[in-house]
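Okay, here's what each chain looks like letter by letter:
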Amino acid sequence: MKLTLYFREYCSLCHQMLAELGPWRERHGFELEVVDVDADPALEARFNELVPVLMDGETEICHWHLDGARLAAHLGEIG
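Criteria and thresholds
Residues numbered from 1 in each chain as written. Predicted model: local features only at pLDDT ≥ 70, side-chain atom pairs only at ≥ 80, totals over all residues. Heavy atoms only, no water. Phe/Tyr/Trp six-rings, centres within 6.5 Å; stacked < 30°, edge-to-face > 60°. Helix = DSSP H or I, 4+ residues; strand = E, 2+ residues; numbered from the N terminus. Buried < 20%, exposed > 50% of the residue type's maximum accessible area, 1.4 Å probe, protein only. Lys NZ or Arg CZ within 6 Å of the ring centre and 35° of its normal. Core = buried A, V, L, I, M, F, W, Y, C linked by side-chain atoms within 4.5 Å. Contact = heavy atoms within 4.5 Å. Polar contact = N/O pair within 3.5 Å; in protein donor to acceptor, adjacent residues only side chain to side chain. Salt bridge = Lys/Arg side-chain N within 4 Å of Asp/Glu carboxyl O.

A.B. asks: An account of the packing of aromatic side chains is needed here, citing residue identities and associated values.
C.D. replies: Scanning the model with the defined rule gives 1 aromatic pair in all. Judged by centre distance (4.3 Å) and plane angle (20°), the rings of Tyr 6 and Phe 47 are stacked. In this pair, Tyr 6 is assigned in strand S1 (residues 2–7) and Phe 47 in helix H2 (residues 41–47), connecting sequence segments 41 residues apart. In this structure, Tyr 6 and Phe 47 share a single accessibility class: buried. Lying across the ring of Trp 24, Arg 27 places its NZ or CZ 4.8 Å from the centre.

Have a look at this one:
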């Protein structure tokens, strides 16, 4: 499984979510792609103030803060 974290380099919430995802990745073995929304005008327009946003394809798992309950439910449904 591959999840995507839409991210901004200067965003402290983004760095916090990335760090919090580490143990989840170790436990569940999913791949994580980190995408800088500021590098793509379409992504910047789509996500703008929602970042960080954790997605599985087109399904949003959470934004701003890691929602452990939603991530656990999502991983249980998929895995």
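A.B. asks: Hey, could you go over the nonpolar core for me, with residue numbers and the actual values?
C.D. replies: Side chains of a nonpolar character, in soluble globular proteins, are inclined to be buried together. By size, the foremost hydrophobic cluster in this structure holds 24 residues, and its most contacted members are Tyr 6, Leu 21, Phe 47, Leu 54, Leu 66 and Leu 71. Put simply, the parts of the chain that give this core at least two residues each are S1, helix H1 (12–28), strand S2 (31–36), H2, strand S3 (53–56), strand S4 (59–63) and helix H3 (68–78). If we skip the residues at most four places from it in the chain, Leu 21 touches Leu 5, Phe 30, Leu 32, Leu 54, Leu 66 and Leu 71.

A.B. asks: Explain the environment of Asp 56 to me, and be specific about the residues and the numbers.
C.D. replies: Residue position: Asp 56 is located in strand S3. Of note is the side chain of Asp 56, whose polar atom sits 2.7 Å from the side chain of His 74.

A.B. asks: For the pattern of salt bridges, give the residues involved together with the corresponding values.
C.D. replies: Using the criterion set out here, one finds 3 salt bridges in the structure. A salt bridge links Glu 58 to Arg 46; the shortest N-O distance between them is 2.8 Å. Of the two residues, Glu 58 is situated in the loop between S3 and S4 and Arg 46 in helix H2; the sequence distance between them amounts to 12 residues.

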